[in-house]
Each structure stands twice: as structure tokens, then as C-alpha cells.
Amino acid sequence: GETIGILGGGQLGRMIAMAAAQLGYRCHVYAPEPDSIAAEVCARFTCAAWDDAEAMAEFAADCAVVTYEFENVPVEPLKALGATPLLAHARALETAQDRLNEKQFVTKLGGRPAPFAPVDNAQDLAAAIDAIGAPGILKTRRDGYDGKGQWRIRTPEDAAALDLPQTALIYEGFVTFFAEFSVILCRGSDGDVRFFDSACNVHEAGILSLSTVPAPAEVLEQVPAARELAGKVAEALDYVGVLTLEFFATVEGPVFNEMAPRVHNSGHWTIEGAVTSQFENHVRAICGLPLGGTSLAARSIEMRNLIGDEADDWAAILANPANHLHLYGKGASRPGRKMGHVTRLILD
Ligand code: ATP
Ligand code: MG
Ligand code: MG
């Protein structure tokens, strides 16, 4: 089979590689960390810095197609790869890597994010709180994940007491939501778009904890409008592969939170819970193959993340025949680190 290149070495890359292997592809991972858990299941591994243009060109020359599992891959070296068959969507990455760009882009397409304002210094922050109000959340515009790089601001006094980091920031009004959900779609190279069922997602301390499918009725009501926006995003970016948008379900309808131009943690339930997983459909899409069905393989599904230091009892999890245990092979368990997940299928 041909070789698929994966930029990034974490669990998402590992799961893409496992799906690719099933379809007869070999994978070559490119990541800066030497202990890549994606590389463990791949044929080849290049450990080199993101800005090592020579290493990246050599990597790309080995691949029939290149994708990524890490959305903060620097865009410049990708653009420099020029004619290499690249499904790494420099434009999708550029849009999603910066929360300000992302919100402006989605607003132009008719989406509704929380009120927001860019913040570069204390005066900007005071003005933003004046205009938008408190409570709110101050976030770094770039590089945040799992709630890292975020400060909750209850009052203007909270803001005044903050020691602002020397990086571009964005202030967002706090959204009163009754639930969170995600839209995960896959767009084929022929423009065919398939949506997975939307999971209702619960976060703890900014980290995804639980995804349930089907989502409750009051969330399902908001899915069509959210899908319409996600479809427009995919179309506007001429996107190929799996794309995720996160939403807050509010009494005024869906409020856009953020997008991820990649496979997503809130779609891990699709490995056993959908006819075709998000990982397989992503591989099919980037390899120019027809997409697989996205309907449910069970009546309901629950996916729980195993977060570091929670001392999960794996034997007890496996003793329940409804459970599917996934462990990512990360050595050290640290608080807040995603070590694995469990998917429970309810068949009847
Ligand atoms: P991810 O790991 O999903 O990329 P992230 O670090 O990019 O996370 P966000 O998705 O921006 O972080 O925020 C994490 C969580 O914090 C959200 O899922 C939500 O629960 C809460 N949150 C973020 N922004 C807001 C907001 N404006 N109003 C209310 N809650 C929010
Ligand atoms: Mg994010
Ligand atoms: Mg998020």
C-alpha cells in the first residue's frame, strides 16, 4: 500500500494510523517528541523540529498524502512543501490556529460566537470588559488546548489583578449554556459530506470528560443549524477529511465555541459506535476513497476519557462486556493528561 504521512505524534495520530493500517496503508509519523505514541504503531518515524525544512521535505517525499493530527503545526513549512501532495490544508490550519481569525471567519459565514474582542494589553482588557461585560474568559489566541491558556474573569477587579502574559489574547463573554455539543463531519475529495451524530459533551476543568450519543432532545433541536454552519465552513475551506465544530447549546440557539480541522476527542465513540469511525472516514477522504456510513451501531453510546491520576481500574472496566477500553500507551500519568478512553455501547 501507499504511505500516509501524519504530522503530530499523539493519540489522534495513533488512531488515524490504526484505521489506515486496516485499509492497507502504511503510515509515516513526523513529530518533534522522541517518545511518540503514534510512531509506536507506524512503519516509519521522523523525529525532527517543526521548522526543520529539510527533514520535512524528506518526510513528504516518502508520502502519497500528508495529513495532521495536531492543529498547531506551523503553517510556513507546510506551504514551503509546494507541490507535494498535501492534504494538510494550510488555510484551514491558519484559520483555526488563531481564535480571533476563527471567530471572524465563522461570523462571516453566518455563525454566532460569544461576543469577543482582541486583547494585547491591560487597557484593551479593561475596554473589552466594558464593552462585553463580565463574567468572561480571557484566552490566548493561539496554542491553547484542554482549557490551557485561559483565565476566568468574574469581575473587572479580577482582570486588574491579572498579570497578563506577553502574547496575543482574546476576551470572550461567558456563555450561559445548558449543554455543549459538537458537529463532526467528513468531506470527501468529491465534495460528499457526511455528518456523524452530534455528541453531548461534558467538560471538567476545561477538559472533555464525557460524550454521549444520542444527545438529549433539547440539544438535538439545535443540531440542524449547527450542521448548516459546519457545512459552510467545510465548503468555504474546500476541506477534505474530518472537521469538527464545538457549540454551546443555549436558550437562544447554538453558539459557536471553536473549530478543529481534524479528528476530535468528542468523536472517539465512533470507533465502535458508528458504522464507520471518524478515523477511517478521515483516511478514506484524504485517500480519495468513497466515505463510509456514519449511522449509529448501537442504541446509545457513552465515551468517557481516562484522565491521568484518576487511578482507573482497567480490570473492572473490562469486566463489563459493554465496555471498550482504549489505552494510548503514554508512560507517565499526570493530572489532566489523557491516558485513554472507554466507550460503552448500549445495544437494546
Ligand atoms: P479543546 O481541548 O477543546 O481544544 P480549548 O483549550 O481550546 O479546548 P475551549 O474549547 O475554548 O478550550 O474551552 C474549554 C471549555 O471551557 C469549553 O468546552 C467550555 O466548557 C468552557 N468555555 C470556553 N469558553 C467559554 C465561554 N465563552 N463561555 C462559557 N464557557 C466556556
Ligand atoms: Mg481548542
Ligand atoms: Mg474546545
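As the structure is a prediction and not an experimental result, all values here were calculated from the model.

### Observations regarding the domain arrangement of the protein
Moving on, step 1. Under the domain assignment used here, the protein contains domain 1 (3-88), domain 2 (115-173) and domain 3 (179-346).
Moving on, step 2. Its C-alpha centre places domain 2 at a distance of 28 Å from the equivalent point of domain 3.

### Considerations on the sheet that holds strand S8 (residues 169-173)
Moving on, step 1. Sheet architecture is open: 4 strands sit in the order S5-S8-S6-S7, paired in antiparallel fashion. Looking at the sheet topology across the chains shown, the edges are occupied by strand S5 (116-119) and strand S7 (150-153). For this sheet, the mean angle separating the axes of adjacent strands, direction not counted, is 20 degrees.
Moving on, step 2. The pairing of strand S6 (residues 136-140) with S8 spans 5 bridges and is classified as antiparallel. When the sheet's bridge partners are listed, Thr140 is paired in S8 with Leu169.

### With respect to the site of ligand 1
Moving on, step 1. Close contacts around ligand 1 come from 16 residues, with Ala114, Gly144, Glu172, Val175 and His203 the closest.
Moving on, step 2. Split by residue class, the shell around ligand 1 holds 5 nonpolar, 5 polar and 6 charged.
Moving on, step 3. Counting residues domain by domain, the shell around ligand 1 receives three or more from each of domain 2 (115-173) and domain 3 (179-346).

### Brief notes about helix H4 (residues 90-97)
Moving on, step 1. All of the buried residues along H4 are Ala92, Leu93 and Ala96. What you see down the axis of H4 is that its buried residues fit within an arc of 100 degrees, all on one side.
Moving on, step 2. Those residues of H4 that are buried lie in contact with helix H3 (75-80), helix H5 (99-108) and strand S14 (253-260).

### Points about the nonpolar core
Moving on, step 1. Residues Ile6, Ile16, Ala230, Val233, Leu245 and Phe247 are the most contacted members of the largest nonpolar core, which totals 68 residues.
Moving on, step 2. Residue-level mapping places this core at the junction of two domains, with at least three residues from each of domain 1 (3-88) and domain 3 (179-346).
Moving on, step 3. When near neighbours in sequence (up to four residues on either side) are disregarded, Ile6 contacts Gly13, Ile16, Ala17, Cys27, Val29, Ala38, Thr67, Tyr68 and Glu69.
Moving on, step 4. If you look at the next biggest cluster of nonpolar residues, it comprises 11 residues, including Phe116, Ile153, Leu169 and Ile170.

### Focus: the pairing of strand S1 (residues 3-7)
Moving on, step 1. By the criterion of burial, S1 is predominantly enclosed, with 4 of the 5 residues buried.
Moving on, step 2. When S1 meets strand S2 (residues 26-31), the two strands line up parallel, connected through 5 bridges. Across the sheet, the residue bridging to Gly5 is His28, located in S2.
Moving on, step 3. Regarding topology, helix H1 (residues 11-22) serves as the crossover connection from S1 to the parallel S2, and that connection is right-handed.
Moving on, step 4. The pairing of S1 with strand S4 (residues 65-68) spans 4 bridges and is classified as parallel. Along S4, the bridge assignment pairs Gly5 with Val66.

### So, the sheet that holds S1
Moving on, step 1. Pairing within the open sheet is parallel, and its 4 strands lie in the order S3-S2-S1-S4. One side of each edge strand has no neighbouring strand; the edge strands of this open sheet are strand S3 (44-47) and S4. Neighbour-to-neighbour, the strand axes of this sheet turn through a mean angle of 20 degrees, independent of strand direction.
Moving on, step 2. Where H1 meets the sheet, its contacts fall on S1 and S2, and the angle it forms with S1 comes to roughly 170 degrees.

About the thresholds
- Residues numbered from 1 in each chain as written.
- Chains lettered and ligands numbered in written order.
- Predicted model: local features only at pLDDT ≥ 70, side-chain atom pairs only at ≥ 80, totals over all residues.
- Domains from an automatic or database assignment.
- Pairing = 2+ DSSP bridges.
- Helix = DSSP H or I, 4+ residues; strand = E, 2+ residues; numbered from the N terminus.
- Axes fitted to C-alpha atoms, helices over the stretch in contact; angles between N-to-C directions.
- Near = placed C-beta within 6 Å.
- Nonpolar A, V, L, I, M, F, W, Y, C, P; charged D, E, K, R; others polar.
- Buried ≥ 20, exposed ≤ 12 C-beta atoms within 10 Å, placed from the backbone.
- Arc of directions from axis to C-beta.
- Contact = placed C-beta atoms within 7 Å.
- Core = buried A, V, L, I, M, F, W, Y, C linked by C-beta atoms within 7 Å.
- Right-handed = clockwise from strand over helix to strand, strands pointing away.

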